[in-house]
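Residue strings, one per chain:
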Amino acid sequence: IPGDGDSEESPNAFLIRKPRREVTVGDIRAAFPLPGSYFFRFKQALRKGYVWVDVSADSEPAPAFSNEIRIKATRLSLAASAAATA
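All values reported here derive from a predicted model rather than from experimental measurement.

1. With respect to the packing of aromatic side chains
So, step 1. Evaluated as defined, the whole model comprises 6 aromatic pairs.
So, step 2. Taken together through their ring pairs, the aromatic side chains of F14, F32, Y38 and F40 make up a single cluster.
So, step 3. Between K43 and the ring centre of Y50, over which it is positioned, the NZ or CZ distance is 4.1 Å.
So, step 4. Positioned above the aromatic ring of F65, the side-chain terminus of K43 is 4.4 Å from the ring centre.

2. Examining the pairing of strand β1 (residues 37-46)
So, step 1. Bridging between β1 and strand β3 (residues 71-77) involves 6 bridges; their strand directions are antiparallel. For F40, the partnering residue across the bridge sits in β3 and is A73.
So, step 2. In this structure, β1 lies alongside strand β2 (residues 49-54), joined through 6 bridges in antiparallel fashion. By the bridge assignment for β2, K43 is matched with W52.

3. Some points on the pattern of salt bridges
For side chains of opposite charge, pairing can occur when their charged atoms come near one another.
So, step 1. Under the counting rule described, the total for this entry stands at 4 salt bridges.
So, step 2. Between D58 and R29 there is a salt bridge; the shortest N-O distance is 3.0 Å. Residue D58 is found in the loop between β2 and β3, and its partner R29 is found in helix α1 (residues 25-31); the two are separated by 29 residues along the sequence.
So, step 3. Overall, the relative accessible area of 32% leaves D58 in the partly exposed class.
So, step 4. With its nearest N and O atoms 2.8 Å apart, the salt bridge here joins R41 to D54. In this pair, R41 sits in strand β1 while D54 sits in strand β2, placing the two residues 13 residues apart along the sequence.
So, step 5. You can call R41 partly exposed: its relative accessible area is 31%.

Conventions used here
- Residues numbered from 1 in each chain as written.
- Predicted model: local features only at pLDDT ≥ 70, side-chain atom pairs only at ≥ 80, totals over all residues.
- Heavy atoms only, no water.
- Phe/Tyr/Trp six-rings, centres within 6.5 Å; stacked < 30°, edge-to-face > 60°.
- Lys NZ or Arg CZ within 6 Å of the ring centre and 35° of its normal.
- Pairing = 2+ DSSP bridges.
- Helix = DSSP H or I, 4+ residues; strand = E, 2+ residues; numbered from the N terminus.
- Salt bridge = Lys/Arg side-chain N within 4 Å of Asp/Glu carboxyl O.
- Buried < 20%, exposed > 50% of the residue type's maximum accessible area, 1.4 Å probe, protein only.

This is the structure we're talking about:
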């Protein structure tokens, strides 16, 4: 979470027990270890570099970069979202 002083050089990590290719945005949202509501951007390769991709649906596969799922999480609210509490 960049607003909390986190950086890509020293990332935080959490585990999702699924093959990488089966992980969806919803899986990441459900497993995200911090309370609150978040918007996620995913790092994805583009030519010789990369871009940060917005994915709108929880059912979509989580984009990967170098066989890892890397996200930027932007906190929208400290309150739990309705989807996370359902």
